[in-house]
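Survey of secondary and tertiary structure
Here is how the chains run, residue by residue.
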Amino acid sequence: MIQKCKHILLSLLVCLLYPIALVAAPLKQQEQIIPIETNDIGLYLYVNKKGEVYQQHFGKRIKDKENVLRISKITSFPAIIGRQAYSTFGTGNVNEVALQAKHADGNLTSVLVYENHSSRELSANITETTLTLKDSYYPFYVTLKYKAYQKENVLDCSVSIWHEESAPVVLQANASNYLFINAQQYWFTHFYGAATSEMKIIEEKLNNGIKTIESKKGVRASQTEHPSFIVSLNQPAQEESGEVIMGSLAWNNNYQLRFQVDNHNNLHILSGMNDFMSDYYLKPHTRFETPSLILTYSDSGKGQAGRNIHHWARNYGIRDGNTIRPVVLNSWEGVYFSCDEENILAMIDDAASLGAEVFVLDDGWFGNTYDRNWAQGSLGDWQVNREKFPRGLQPLIDRAHQQGIKFGLWVEPEMVNPKSELADNHPEWLVTGKNREILLGRNQLILDMTNPEVANFVYQSVAKQLTDYPNIAYIKWDANRHMMNFGSNYLDDNEQSNFWYDYAKALQGVYSRLALDFPKVIFQACASGGGRSDYGTLQYHHEFWASDNTDPRSRIFINWGYSHLFPANAIASHVSHSPNHQTGNITPIKFRFDVSMSQRLGIELQPNKLTEKELDWTKKAVAAYKNFREVVQFGDLYRLISPYENDRAALMYVDEAQDKAILFVYVLEYHYGSQYALIKMTGLDPNKKYKLKEILPIITEPDKFGLGGGKEKLAFRGNGQVFTGDFLMNHGIEITHRYTNESAVIEIQAIK
Ligand code: DGJ
């Protein structure tokens with residue numbers, strides 16, 4: 001009884017404090033459609049007379065909005081509940097919902113109605129539409145934000161939440177986007193893997209129930225399960241045909257993508273931060289900004305959907321996306337932790353003579369009190385190791401400049417080894433579970449970025465190197481463990497679950513400060529390989545290290561996965577030693593280069609261990625790559641033969657003018673039989689004539705194949721000949737290489 005009275009009193013108090021709260025949304029709204037459109041695609045929201053907002057259509061753009069307005073009258077909609085623009089519990093919807101909030105008075109339900117909307121042009125290419133919904137009772141607001149990129153056919157969808165209630169509202173679920181789809185069948189592709197086997201493609205049919213893809217690893221969102229998806233309607237996803245929805249969450253922390261097929265066979269897609277231990281205590285008048293979902297639709301298959309995202313990424317999603325990425329030589333697989341002035345100076349000389357444009361000094365260069373000859377100590381102590389580099393880094397940078405190349409440096413600034421001066425001095429900065437055993441990963445812990453002092457230290461760790469050595473041109477930012485438990489000395493005890501969001505926002509803040517203060521420095525995102533290959537990270541980085549597995553046989557698959565979401569200039573792909581250090585596979589140098597050249601080429605080995613022949617090949621391959629890299633890095637990607645279903649793989653890039661293309665073919669298994677299937681090209685102009693030239697063909701060993709040594713073994717018998725685009729796309733060419741680990745690169749140049 002006392003409880004009940006208390007409740008009534010509280011409600012009265014809330015009413016007195018918030019008279020506006022009692023005024024529900026206008027009783028009668030004007031019915032309207034809110035179109036969110038690009039050149040070819042559209043998402044249409046519908047406001048009914050009660051102010052409820054629903055999704056009418058997502059897919060190809062529909063010209064006549066009046067037709068869209070009538071959807072609710074000509075289908076079983078809105079009888080089927082769960083089609084809200086932003087779904088909540090408490091409206092009759094019993095499917096997965098976008099928002100769960102515990103209001104200041106303990107009410108767990110939310111009912112959102114139309115408040116206002118507006119649309120403005122951010123540029124000739126970007127239209128931003130915001131739609132604000134308000135709880136029908138509480139002063140609690142949700143703004144759905146959509147940036148529509150016209151040319152790229154991409155939507156950036158995010159949500160902003162705030163309130164004026166009397167105490168914090170606890171956000172228990174807060175999706176970035178909720179999509180309602182209605183089709184006969186749903187085929188779902190996601191990308192799964194592990195460190196050294198990232199981005200394996202899995203496609204499965206969605207049946208009734210909920211499929212969840214998520215990460216709870218905190219600082220590494222994309223290592224095992226990538227925050228991206230493809231949903232193909234009515235059939236498995238095809239490269240160049242069929243309806244496909246593709247999305248990628250721009251977030252480098254815990255996330256959750258949920259796909260629910262309900263009892264009416266509708267698909268509900270919810271993308272956003274993970275609800276896991278993440279109740280967010282949102283204070284009044286503070287904004288909670290969800291990450292963006294980058295979303296596209298194509299009726300020409302996943303190839304076109306990917307190209308939409310690639311275009312968007314180069315123009316908006318990655319830093320300086322329309323600039324050529326240089327060829328990098330990284331020291332890691334060459335010397336690992338055993339770097340010193342002598343061997344690094346020699347490596348810089350070698351890097352330059354091979355044609356590399358940036359030399360990157362990887363792990364092992366820092367720390368004086370504790371040992372850094374393996375990953376056991378010194379993380380956090382960002383001072384140059386005096387024994388290895390008695391004169392500091394300047395002589396290395398000077399040497400790089402004398403050789404005409406740039407110098408880059410590896411850092412891992414959010415991390416700390418217990419054996420470090422930093423951990424000795426600031427035990428309160430470490431993320432650990434209170435009263436729990438410390439759980440180490442690679443002998444290290446994570447710094448508590450929710451603490452602004454710590455975030456500033458992280459910023460300074462990098463800024464100091466870039467200020468002490470203003471000629472450092474490239475930073476590789478690593479993160480070699482994930483969260484296994486958590487606990488912050490900075491956050492209040494009852495707000496510990498704010499940790500994930502606050503950490504991610506603080507890290508973004510540091511990234512963005514560095515990008516502003518050091519705009520010319522190239523940043524590479526790395527987290528034990530591809531753990532930070534997400535668009536949340538990439539808006540502050542130029543590229544990502546795709547995997548610690550540098551075996552070209554593995555990389556064909558890993559890069560194939562990445563190519564669905566990322567343009568080639570963002571994917572760092574390095575040629576390393578054979579036998580490969582991760583897999584032990586032995587592969588020819590041509591094969592290794594041909595694989596890496598289909599992305600952002602780099603080198604990751606000790607040049608002084610290469611034979612003369614390998615050195616010679618390396619120089620030629622780097623030079624050849626520089627000639628055609630513009631097509632790879634800026635061109636349109638067409639995946640022609642998937643390694644998943646075949647004993648070889650083929651892909652090509654075509655420039656915007658359809659004047660230049662480059663074809664890569666890789667033989668994965670020995671092909672038994674006399675003839676390979678023809679490779680039909682895509683993306684060329686059928687009316688243009690193209691000359692085909694094989695780049696760096698194999699040079700035969702003496703007497704092998706009965707050809708005598710030192711001769712070119714061509715993969716295409718029509719090398720040097722001219723063909724029409726029509727012929728190349730509709731008949732195709734035969735590539736005759738059939739031995740395991742053979743490969744071919746063919747340049748396709750339009751001629752007058
Ligand atoms: C993991 C990265 O993925 C490697 O490339 C290398 O930088 C090591 N960390 C260094 O510790």
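What comes next concerns the included structure. (Residues numbered from 1 in each chain as written. Predicted model: local features only at pLDDT ≥ 70, side-chain atom pairs only at ≥ 80, totals over all residues. Heavy atoms only, no water.)

**A short note on the overall build of the protein**
- A tally of regular secondary structure across the protein gives 16 helices and 37 strands.
- Relative to its length of 752 residues, the protein is compact, with a C-alpha radius of gyration of 28 Å against a globular reference of 27 Å.
- With respect to the principal axes defined by its C-alpha atoms, the protein has extents near 95 × 65 × 40 Å.
- The buried share among the 752 residues of the protein stands at 62%.
- Restricting the contact set of the protein to residue pairs at least 6 apart, pairs at least 24 apart contribute 69%.
- Surface summary for the protein: the accessible area is close to 28,800 Å², and the carbon and sulfur share equals 51%. (Helix = DSSP H or I, 4+ residues; strand = E, 2+ residues; numbered from the N terminus. Rg over C-alpha atoms; globule rule 2.2 N^0.38 Å. Buried < 20%, exposed > 50% of the residue type's maximum accessible area, 1.4 Å probe, protein only. Contact = heavy atoms within 4.5 Å. Areas by Shrake-Rupley, 256 points an atom, 1.4 Å probe, with all protein chains shown as cover.)

**Remarks on the environment of Asn 741**
- Relative to the helices and strands, Asn 741 is located in the loop between α16 (725-730) and β37 (743-751).
- For the pair Asn 741 and Lys 590, spaced 151 residues apart in sequence, the C-alpha separation works out to 9.0 Å.
- Sequence-distant contacts of Asn 741, that is, excluding residues within four places in its chain, are made with Arg 553, Ile 586, Thr 587, Pro 588, Phe 591 and Val 667.

**Section: the site of the ligand**
- Looking at the ligand, there are 13 residues lining it, with Asp 362, Asp 363, Lys 476, Asp 478 and Asp 548 nearest.
- Taking Gly 529, its main chain carries an N or O atom lying 3.0 Å from an oxygen atom of the ligand.
- Between the ligand and the protein, one listed contact pairs an oxygen atom with a side-chain N or O atom of Asp 548 at 2.5 Å.
- Protein chains shield 99% of the accessible area of the ligand, which is 290 Å² for the free molecule. (Near = heavy atom within 4 Å. Polar contact = N/O pair within 3.5 Å; in protein donor to acceptor, adjacent residues only side chain to side chain.)

**Considering helix α15 (residues 612-634)**
- An ideal rise of 1.5 Å per residue puts 33 Å on 23 residues; α15 measures up with 33 Å between its terminal C-alpha atoms.
- At Phe 628, α15 shows its maximal bend, which comes to roughly 60°. (Expected span 1.5 Å × (residues − 1). Bend = angle between axes of the 7 residues up to and from the residue.)

**Side note on the packing of helix α14 (residues 589-596) against α15**
- α15 packs onto α14 with a crossing angle of 25° between their chain directions and a minimal axis gap of 10 Å. Taken together, the axis directions place α14 and α15 in an arrangement best described as roughly parallel. α14 and α15 meet at a crossing whose hand is right-handed. Every residue of α15 that contacts α14 at Ile 589, Lys 590, Arg 592 and Phe 593 is listed here: Glu 614, Trp 617, Thr 618, Ala 621 and Val 622.
- Taken together, the residues of the contact of α14 with α15 sort by class into five nonpolar, one polar and three charged. (Axes fitted to C-alpha atoms, helices over the stretch in contact; angles between N-to-C directions. Parallel < 35°, antiparallel > 145°, perpendicular 65-115°, else oblique. Left-handed = near helix turned anticlockwise from the far one by under 90°. Nonpolar A, V, L, I, M, F, W, Y, C, P; charged D, E, K, R; others polar.)

**A word on the layout of surface pockets**
- Taken as a whole, the largest pocket encloses approximately 720 Å³ of empty space.
- Around the largest pocket, the lining comprises 27 residues; the ones closest to its centre are Pro 588, Trp 617, Ile 698, Ile 699 and Glu 701.
- Looking at the lining of the largest pocket, the elements that each hand over two or more residues are α14, α15 and β34 (698-699).
- At five residues, α15 tops the list of elements feeding residues into the lining of the largest pocket. (1 Å grid on protein atoms, 1.4 Å probe; cavity = no way out; pocket = protein on both sides within 12 Å on 5 of 7 lines; lining within 4 Å. Points joined across faces, edges and corners; volume = space filled by probe spheres on them.)

**Regarding the pattern of salt bridges**
- As enumerated under the stated definition, the model contains 34 salt bridges in all.
- Close ionic contact of Glu 66 with Arg 70 constitutes a salt bridge, the shortest N to O distance being 2.8 Å.
- One connected set of salt bridges, linked through shared partners, spans Glu 37, Arg 61 and Lys 65. (Salt bridge = Lys/Arg side-chain N within 4 Å of Asp/Glu carboxyl O.)

**Here's the deal with unusual backbone geometry**
- For the bond from Ser 578 to Pro 579, the omega torsion is 0°, close enough to zero to count as cis.
- One can find Pro 579 in the loop between β28 (571-575) and α14.
- One non-glycine residue, Asn 153, lies in the positive phi region at around 60°.
- The backbone of Leu 696 shows a phi angle near 45°, a positive value even though the residue is not glycine.
- If you trace the backbone, Leu 696 turns up in the loop between β33 (689-695) and β34.
- Residue classification places Leu 696 among the buried residues on the basis of a relative accessible area of 18%.

**Structural notes on the pairing of strand β22 (residues 406-411)**
- Burial of β22 is extensive: five of the six residues sit out of reach of the surface.
- Alignment of strand β21 (residues 358-361) against β22, held across four bridges, turns out to be parallel. Following the sheet pairing, Val 360 is matched in β22 by Gly 408.
- Pairing of β22 with strand β25 (residues 472-477), which is carried by five bridges, proceeds in the parallel orientation. The partner of Trp 410 across the bridge, within β25, is Lys 476. (Pairing = 2+ DSSP bridges.)

**A closer look at the sheet that holds strand β2 (residues 41-47)**
- The antiparallel open sheet is built from three strands, whose spatial order is β1-β2-β3. The open sheet has two edge strands with one neighbour each: β1 (32-37) and β3 (53-60). Put simply, the sheet's adjacent strands are angled 20° from each other on average, direction ignored.
- Pairing geometry for β1 and β2, over six bridges, is antiparallel. Bridge pairing in β2 places Ile 33 opposite Tyr 46.

**Section: the side chain of Asp 448**
- In this fold, Asp 448 is placed in the loop between β24 (445-446) and α10 (452-468).
- Buried within the structure, Asp 448 lacks any salt-bridge partner; its nearest side chain of opposite charge belongs to Lys 434, at an N-O separation of 12 Å.
- Apart from residues no more than four positions distant in its own chain, Asp 448 is found in contact with Trp 429, Val 431, Val 454, Ser 488, Asn 489, Tyr 490 and Phe 499. (Lys, Arg positive; Asp, Glu negative; His and termini not counted.)

**Points about the pairing of β33**
- Taken together, the three bridges between β33 and strand β36 (residues 722-724) define a ladder with antiparallel strand orientation. Residue Tyr 690 lies in a different strand from β36, and its bridge partner there is Phe 723.
- Inspection of the sheet shows β33 paired to β37 by seven bridges, in the antiparallel sense. Following the sheet pairing, Lys 693 is matched in β37 by Glu 747.

**Remarks on the packing of aromatic side chains**
- By the definition in use, this model includes 42 aromatic pairs.
- Look at Tyr 149 and Trp 312: their rings are 6.2 Å apart centre to centre, the planes differ by 75°, and that puts the pair in the edge-to-face class. Here Tyr 149 is found in strand β7 (residues 140-149), whereas its partner Trp 312 is found in helix α5 (residues 301-317), with 163 residues between them in sequence.
- With a relative accessible area of 5%, Tyr 149 lands in the buried category.
- Seen in terms of ring centroids, Phe 359 and Phe 407 are 6.2 Å apart; in terms of plane orientation they differ by 35°. Their pairing is tilted. Here Phe 407 lies in strand β22 and Phe 359 lies in strand β21, a separation of 48 residues in the sequence.
- Here Phe 359 falls in the buried class, since its relative accessible area comes to 0%.
- A residue is classified by how much of its surface remains accessible, and Phe 407, at 0% relative accessible area, is buried. (Phe/Tyr/Trp six-rings, centres within 6.5 Å; stacked < 30°, edge-to-face > 60°.)

**Remarks on the nonpolar core**
- Ile 344, Phe 359, Leu 361, Trp 365, Phe 407, Phe 628 and Phe 664 are the most contacted members of the largest nonpolar core, which totals 130 residues.
- For this core, the element with the most residues is α15, which contributes nine residues.
- With 62 residues, the next largest nonpolar core counts Leu 144, Ile 161, Leu 171 and Ala 183 among its residues. (Core = buried A, V, L, I, M, F, W, Y, C linked by side-chain atoms within 4.5 Å.)

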